[in-house]
Amino acid sequence: MAASCGAMAAEGPRSLQTLSAAAVSRSMAALEPDVWALPGHLLRGLLPLLSVFRLERAEAAARRAGLSTQPIWRKLWDDVMKTRPPNSESITCWRKKFFETFFSNVLHGVLDVSSDWRLNDHHFSPLLHSSPHVSQLTLCNMLQGAVELAAEHNQKVLENLASSLRILKFQHLLSSDQSIRRSLVLLLHRLIHHGSVSHVSMCAWPVPDTVLLVLILSMSAGFWRSGNALTYHSSPCGLCREEGDAQSQKSTLEQPERDCCNEREWSDGEHQKKSPRALEKADVQEEVNGQMAGAGHNSALSGLNCCPLENQTCESIKVSCDRTVRQGEFSPCFSEQLSCRSVLRKSRRRVKSALGKKRRCLRRSRGLGADRDDLYDFVFTVAKEDSSVSVDQTSITEGENAENWTTSSTGSPCCGRAGCKRRGGSTGIFSLKAARRFRSVSTLELFSIPLSGDMCRTLSNLLSSWVSLENLVLSYNGLGANIFCILSGLRALSQHSDCCLRVLRVSDIFSYMPCMELVRCILSVFPRLHTLSVSFDLKNQPEGNRPEGNPSCSDAEIPESCLEQLEIRFPREPLHTVFLLPVLKASKSLQQLSLDSATLPSSQELGFLLQALKENNPNLKKLSFHDVNLADHQKEVLLLLQDPMLQEITFSFCRLFESCTTEFLSEIINTVKRNSSLKSLKLPGNRLGNQRLVALADIFSEDSSSSLCQLDVSSNCIKPDGLLEFTKKLEGYIQQRGGKIQFTHLRLFQNWLDQDAETAQEALRRLRAVCSVVNDSWDSSQAFADYISVM
């Protein structure tokens, strides 16, 4: 506060009201209730003199007085953070933005609260008071932030984050020791399983720590083991205990309904203590008892229905008999049902016996070191169970053709397919046998994290039952042939009626297969997607030279899909409409289509595409071409611009005006003037130049029926004098139309406006009186040499 008074004195004499406000701010602890009742004009002078702690408490009083604290928080950001935040134009609440960044900086030790008097308040606990405003948090490096948040003295901070945090990001992670991973387990359990985090993102991890990666993935999917790993400072998780108590009460109420299953499980446990001969006798006796007790109701069938797994297995045995057995009558097919149950029981007993032996061995081997090994048990030891007892094992035979992977068991996760073959049993495969299911996130993003074959199989198994997942982003993970492993998990997931996955984005440097073939694969596996994005930089192999034994989807049948948005970035592949046509036919609900970096093999190809879109996709509203050479397709460009259904058209870096004649430009302008449905026209990177920009102003002339609202002319070598001339012409048309114009947004990124700053500022000032202008301070000296020829 002394620093505040010193700053005021340095600025010169102050009014009595300012001096009084400064005196009041120094005694806020005693005067706070009375201060919030002050009239607005007095409160306005007091707010900038308050500490962060008092300013945050003044929000309600300021709103009642009709005052906004946003300018104060913005100035506080400039003074404390000393940086310009990205996308500052889109920030709606500077208080939230300040506290969120402040929390992260304090957590990671990059901000000293004693550096500014407004932060140095003895009532103010930096992490505690800023945590309710944090909706996004990034943890990095050695996870020091996770360790700090999991500390006992920050228990209240963690509770606040459990309510406020929505997005959790991991960036540039390094290997960590056991104690750090324990802190991370506690953090993820509280924030995801018992919190509100719905979005987990991991990026920039060139050499991922397998244990750490599996840990984050599994807990994000809602899986973790109960027991010591979920203790909080040597005490069991209170929330888990409450849920367990509630579940126990519910189970007690439902006990009569589950007697049949419980009795069987109990008897199986007893069987394990007996000799094999006694077990066989017990099996026969149980079947006879079940037959006698089931007169009139067929208890054998009712017993199968108690256990869905057994019921599914027995469905393969075709029994043609009357399901209704009269009392005292023996069914001719009853022996087959008994045989089925007997096989299942013996198989299940072998599984339980094997599991029991392994768990007993684990308990003996751990001894007093159980706490230290808990994390490894779940990630690896359980995952290394013999393949004969793995609950995620599929029943695919060795002789099955790998190319028939699309018709495999729909409920099976990845197993034994091309690019996804097991080596040495199930080592590294994530087993859900020992896991308990908790709340899971709805968005998972993996950026620049290489995924090995084992990791892809782990992810596939997690995906197979991740019904809450809505958005999946896999970017630059080096998947290669392992993409089929991921698709296998998605196929299993698609069989769940309550699965929520609607958005899938896959991008990588190399494409293992042609883009259109991969799109068909994905849609044949998961037709319920609403958004699909496939993007690759380079082709991995020449066409027609794919390794033998790898599956192909070129002939996969695509069921009718729910696809609304399709984005394809070709690695300089030719765009053949005949390959895209099955996708368009199956996607009647398609509203957005984006094609990037494709080559057109013939002059007729674009025409074929437009005809296919017109016939199959009547709901298409947005069409985008990026880095597709359209210089020789002027006729098709005009057809697109006059399409009455399209509301947004993008020609981005398409060399549209490279060899453009005056007649073609006039046709474009006249076509847009007559199209009343087009709302947005984006033309970045098309060598527009000054003269063509000025000509585009005619779109808004008095005789125009255009409804164009947004125009993007970024990266078009526009100079300040050309922009000013465009502005004057636009102002004239607006005046002719009586100020009635729908044009609202103009984008001007990366143009040559720095060549004459004064003229540029005048043009921008006049434009902003007409519409919203978005531009940047780009250095035109870095422009590409080929643009010079346009000027």
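Note that the coordinates shown come from a computational prediction; the quantities given were computed from them, not determined experimentally.

Criteria and thresholds
Residues numbered from 1 in each chain as written. Predicted model: local features only at pLDDT ≥ 70, side-chain atom pairs only at ≥ 80, totals over all residues. Heavy atoms only, no water. Patch = residues over 30% accessible without salt bridge, like charges linked within 9 Å, V, L, I, M, F, W, Y side chains within 5 Å. Areas by Shrake-Rupley, 256 points an atom, 1.4 Å probe, with all protein chains shown as cover. Salt bridge = Lys/Arg side-chain N within 4 Å of Asp/Glu carboxyl O. Helix = DSSP H or I, 4+ residues; strand = E, 2+ residues; numbered from the N terminus. Axes fitted to C-alpha atoms, helices over the stretch in contact; angles between N-to-C directions. Parallel < 35°, antiparallel > 145°, perpendicular 65-115°, else oblique. Left-handed = near helix turned anticlockwise from the far one by under 90°. Contact = heavy atoms within 4.5 Å. Nonpolar A, V, L, I, M, F, W, Y, C, P; charged D, E, K, R; others polar. Buried < 20%, exposed > 50% of the residue type's maximum accessible area, 1.4 Å probe, protein only. Expected span 1.5 Å × (residues − 1). Core = buried A, V, L, I, M, F, W, Y, C linked by side-chain atoms within 4.5 Å. Phe/Tyr/Trp six-rings, centres within 6.5 Å; stacked < 30°, edge-to-face > 60°. Lys, Arg positive; Asp, Glu negative; His and termini not counted. Polar contact = N/O pair within 3.5 Å; in protein donor to acceptor, adjacent residues only side chain to side chain.

Draft legend 1. Main features of a nonpolar patch on the surface. A surface patch of nonpolar side chains, amounting to about 350 Å² of accessible area, comprises Tyr 476, Ile 509, Phe 510 and Leu 538. For Tyr 476, the location among the structural elements is in the loop between strand 9 (471-475) and helix 22 (483-494).

Draft legend 2. Examining the packing of helix 13 (residues 210-220) against helix 21 (residues 453-463) more closely. Look at helix 13 against helix 21: their axes get within 11 Å of each other, and the N-to-C directions meet at 10°. Between helix 13 and helix 21, the angle is such that the two are roughly parallel. For the element pair helix 13 and helix 21, the recorded crossing hand is right-handed. Between helix 13 and helix 21, the contacting residues are Thr 210, Leu 213, Val 214, Leu 217 and Ser 218 on the first element and Met 455, Thr 458, Leu 459 and Leu 462 on the second. Residue composition of the contact of helix 13 with helix 21, by class: six nonpolar, three polar and no charged.

Draft legend 3. The arrangement of the pattern of salt bridges in detail. The tally for this structure, following the rule as stated, stands at 19 salt bridges. Of the charged contacts, one joins Asp 78 and Arg 74 as a salt bridge, the two residues approaching to 3.4 Å between their closest N and O atoms. With Asp 78 and Arg 74 both in helix 7 (residues 70-80), this residue pair falls four residues apart, about one helical turn. Residue Asp 78 is classed as partly exposed on the basis of its relative accessible area of 34%. The exposure class of Arg 74 is partly exposed, given its relative accessible area of 30%. A salt bridge links Glu 100 to Lys 96, with the shortest nitrogen-to-oxygen separation between them at 3.2 Å.

Draft legend 4. Representation of helix 27 (residues 662-674) within the structure. The first and last C-alpha atoms of helix 27 sit 19 Å apart over 13 residues, in line with the 18 Å expected at 1.5 Å per residue. Summarising the contacts, the buried residues of helix 27 are in contact with helix 26 (634-641), strand 16 (680-682) and helix 28 (689-696).

Draft legend 5. Seen up close, the nonpolar core. Phe 98, Phe 170, Leu 490, Phe 625 and Phe 651 are the most contacted members of the largest nonpolar core, which totals 182 residues. With eight residues, helix 23 (residues 515-525) is the largest single contributor of residues to this core. Here Leu 490 is in contact with Leu 463, Leu 472, Leu 501, Leu 504, Val 525 and Phe 526, once residues within four sequence places are set aside.

Draft legend 6. Region of the structure containing the packing of aromatic side chains. Applying the stated criterion to the full structure yields nine aromatic pairs. With centroids separated by 6.0 Å and ring planes inclined at 65°, the aromatic side chains of Trp 77 and Trp 94 adopt a geometry described as edge-to-face. With Trp 77 in helix 7 and Trp 94 in helix 8 (residues 94-107), this pair connects stretches of sequence that are 17 residues apart. Accessibility assignment for this pair places Trp 77 and Trp 94 in one class, buried. An angle of 35° between the planes, with centres 5.7 Å apart, marks the rings of Phe 102 and Phe 124 as tilted. Placement of the pair is Phe 102 in helix 8 and Phe 124 in the loop between helix 8 and helix 9 (126-130), with a sequence separation of 22 residues. In this pair, the class of Phe 102 matches that of Phe 124, namely buried. Taken together, Trp 73, Phe 98, Phe 99, Phe 102 and Phe 124 form an aromatic cluster joined through their ring pairs.

Draft legend 7. Just the packing of helix 29 (residues 720-736) against helix 30 (residues 757-768), in detail. The contact between helix 29 and helix 30 brings their axes to 8 Å, and the two run at 25°. Between helix 29 and helix 30, the angle is such that the two are roughly parallel. For the crossing formed where helix 29 meets helix 30, the hand is left-handed. In this structure, helix 29 contributes Pro 720, Asp 721, Leu 723, Leu 724, Phe 726, Thr 727, Lys 728, Leu 730 and Glu 731 to the contact, and helix 30 contributes Thr 759, Ala 760, Glu 762, Ala 763, Leu 764, Arg 766 and Leu 767. Partitioning the contact of helix 29 with helix 30 into residue classes produces nine nonpolar, two polar and five charged.

Draft legend 8. Structural view of the side chain of Glu 445. With respect to the helices, strands and loops of the structure, Glu 445 is situated in strand 8 (residues 443-447). For the buried Glu 445, no salt bridge is present, and the opposite-charge side chain at shortest range is Lys 169, 6.1 Å distant. In this structure the side chain of Glu 445 is engaged in a polar contact, spanning 3.2 Å, whose partner is the side chain of His 199. Apart from residues lying up to four places away in sequence, Glu 445 is in contact with His 199, Val 200, Ser 201, Met 202 and Val 473.

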